[in-house]
Amino acid sequence: MIYLDNSASTKPRKEVINVLVQTMEENYANPDAIHDFSHKTLLKIKNAKKIISDYLKVEADRIYFTAGGGDGNNLVLQGIINANSRIKKHLITTKIEHPSVYEVFKHYENLGFEVDYLNVDKDGFIDIEELENTIREDTVIVSVGAVNSETGAIQDLEQISKIIKMKNRDTYFHTDFVQGLGCTNIKFDKIPVDAITISGHKIHAPKGIGAIYINKRVKIANIIYGSNAENGIVKRTMPTELILAFAKAVEILIKEEKNEMEHSQKLKEMLANKISEEITNIKFNSLLSIEKSSPKVLNVSFNGTKGEVLTHFLGMYQIYVSTGSACSSKKGNSRILEVMGLTQSELDGAIRFSFSKDNTEKEIDEVVKRLKESVERIRKMR
């Protein structure tokens, strides 16, 4: 099997699985209980917050655990909008956000809020001047994803945040950083950000666990109600085993990030070069620069094919790729690639390859071989 769908989800590390199992066996107390066993569990959770905050370069006591990226985006965005909407009714995001962001803004637009969706250029980057001209006195929040899940484009968060605060210091800035973990050199000690969303299953941790950072200046309302106080606005019993497994994955990432990024970038460039040599009539929808694009993502259009059909052809060889974000890949044309101006043929034939530490150069050779065979067969069928 060759698994190249790591942007959708990664294989958990053995060390992470060991922590998960050990915690279930040894630290199963509810961290909200008042006895000593519970207190020891709670201390481990506080240490997990410290590990994650050290990675992001933010305050540990402003980290709150969620059920994942989509859950975190909804908690942050709805909580901030609800808390600040009495007199402010203007929101800003982009046309290429993940559905868990994009659909929240659509929801509030249907409720009567005024929403501006920023355009992107052919490489997937927002226009900073458009952003500056769009921010108003009544703008509640700007949400811009750090790394696009389909193309890997890395937005300039430092410049974006400075523009927002320069234009209106009371406008909040949120970034969906789910695809940013392990893929960029971005840290938030020098970026004035108000809220961040991350998720575990993109960095070899289990599904079902993520976290949000909320700056202490942010006015935010609860959208989940309950009595569990320790986890702030996410008032539900904390899943200790998932939290500690997530923290272990981040702890390893802190040590291995540079090497793993370089490894993925090498595979990305190798695959791009071999595709260029072996297959005609293609278009790369991801940049190869590691400064501009995630080393883990390569999006390619194979004209004269259908991405879904090509995915199934590769699947017959146990090569697993995707046509885009797992949350939107079954909904026809990619909204993101469409906004970037691809032709219908390019939209139809788009495939996303996404890499991890577990992939090898030998796998890339096999992928190109089977990819070439599959593309040729599909084109002959049309």
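Bear in mind the structure is a predicted one, so any value in this text is a computation, not a measurement.

J.: So what exactly am I meant to see when it comes to the overall build of the protein here?
T.: If you tally the helices and strands in the protein, you get 11 helices and 12 strands. Seen through its C-alpha atoms, the protein measures out along the principal axes to roughly 65 × 50 × 35 Å. Out of the 382 residues belonging to the protein, those deemed buried represent 56%. The contacts of the protein with a sequence gap of at least 6 include a subset with a gap of at least 24, amounting to 74%. If you sum the accessible surface of the protein, you get close to 16600 Å²; carbon and sulfur atoms cover 49% of it. Here the protein contributes 53 positive and 52 negative side-chain charges, whose respective centroids are spaced 2 Å apart.

J.: Would you take a moment to explain the UniProt feature "coiled-coil region" (unreviewed entry) in the protein for this structure?
T.: Here the UniProt-annotated "coiled-coil region" (unreviewed entry) positions come out as residues 247–274. Strand forms 0% of residues 247–274 and helix 100%; the C-alpha atoms that close the span are 37 Å apart.

J.: Can you walk me through the sheet that holds strand 10 (residues 297–302) in this structure?
T.: Strands pair in a sheet through their backbones, by hydrogen bonds, and they do so in one of two ways: parallel or antiparallel. Strands sit in the order 9-10-12 across an open sheet of 3 strands; the sheet is antiparallel. Each of the sheet's edge strands pairs with one partner strand only, and the pair in question is strand 9 (282–284) and strand 12 (350–354). Neighbour to neighbour, the strand axes of the sheet diverge by 25° on average, direction disregarded. Pairing geometry for strand 10 and strand 12, over 5 bridges, is antiparallel. Following the sheet pairing, Val 297 is matched in strand 12 by Ser 354.

J.: What is the right way to look at the domain arrangement of the protein in this model?
T.: A common measure of how large an interface is: the accessible area buried when the components associate. What the domain assignment lists for the protein is domain 1 (2–9 + 257–381) and domain 2 (14–252). Distance between the C-alpha centres of domain 1 and domain 2: 28 Å. Listed as interface residues are 31 residues of domain 1 and, on the opposing side, 32 residues of domain 2. Here domain 1 and domain 2 share an interface that buries about 2600 Å² over both sides, 51% of which is from carbon and sulfur atoms. Connecting domain 1 to domain 2 are 1 salt bridge. In this structure, the salt-bridge partner of Glu 257 is Lys 187, at a minimum N-O distance of 3.6 Å. Our count for the domain 1 to domain 2 interface comes out at 16 residue pairs in polar contact (both at pLDDT 80 or more). Put simply, the parts of the chain that give the side of domain 1 that touches domain 2 at least two residues each are helix 7 (240–278), strand 10 and helix 9 (335–339).

Rules and cut-offs
Residues numbered from 1 in each chain as written. Predicted model: local features only at pLDDT ≥ 70, side-chain atom pairs only at ≥ 80, totals over all residues. Heavy atoms only, no water. Helix = DSSP H or I, 4+ residues; strand = E, 2+ residues; numbered from the N terminus. Buried < 20%, exposed > 50% of the residue type's maximum accessible area, 1.4 Å probe, protein only. Contact = heavy atoms within 4.5 Å. Areas by Shrake-Rupley, 256 points an atom, 1.4 Å probe, with all protein chains shown as cover. Lys, Arg positive; Asp, Glu negative; His and termini not counted. Charge placed at Lys NZ, Arg CZ, Asp CG, Glu CD. UniProt positions renumbered as here; feature names shortened; annotations may be inferred. Pairing = 2+ DSSP bridges. Axes fitted to C-alpha atoms, helices over the stretch in contact; angles between N-to-C directions. Domains from an automatic or database assignment. Buried area = accessible area lost by both parts, 1.4 Å probe. Salt bridge = Lys/Arg side-chain N within 4 Å of Asp/Glu carboxyl O. Polar contact = N/O pair within 3.5 Å; in protein donor to acceptor, adjacent residues only side chain to side chain.

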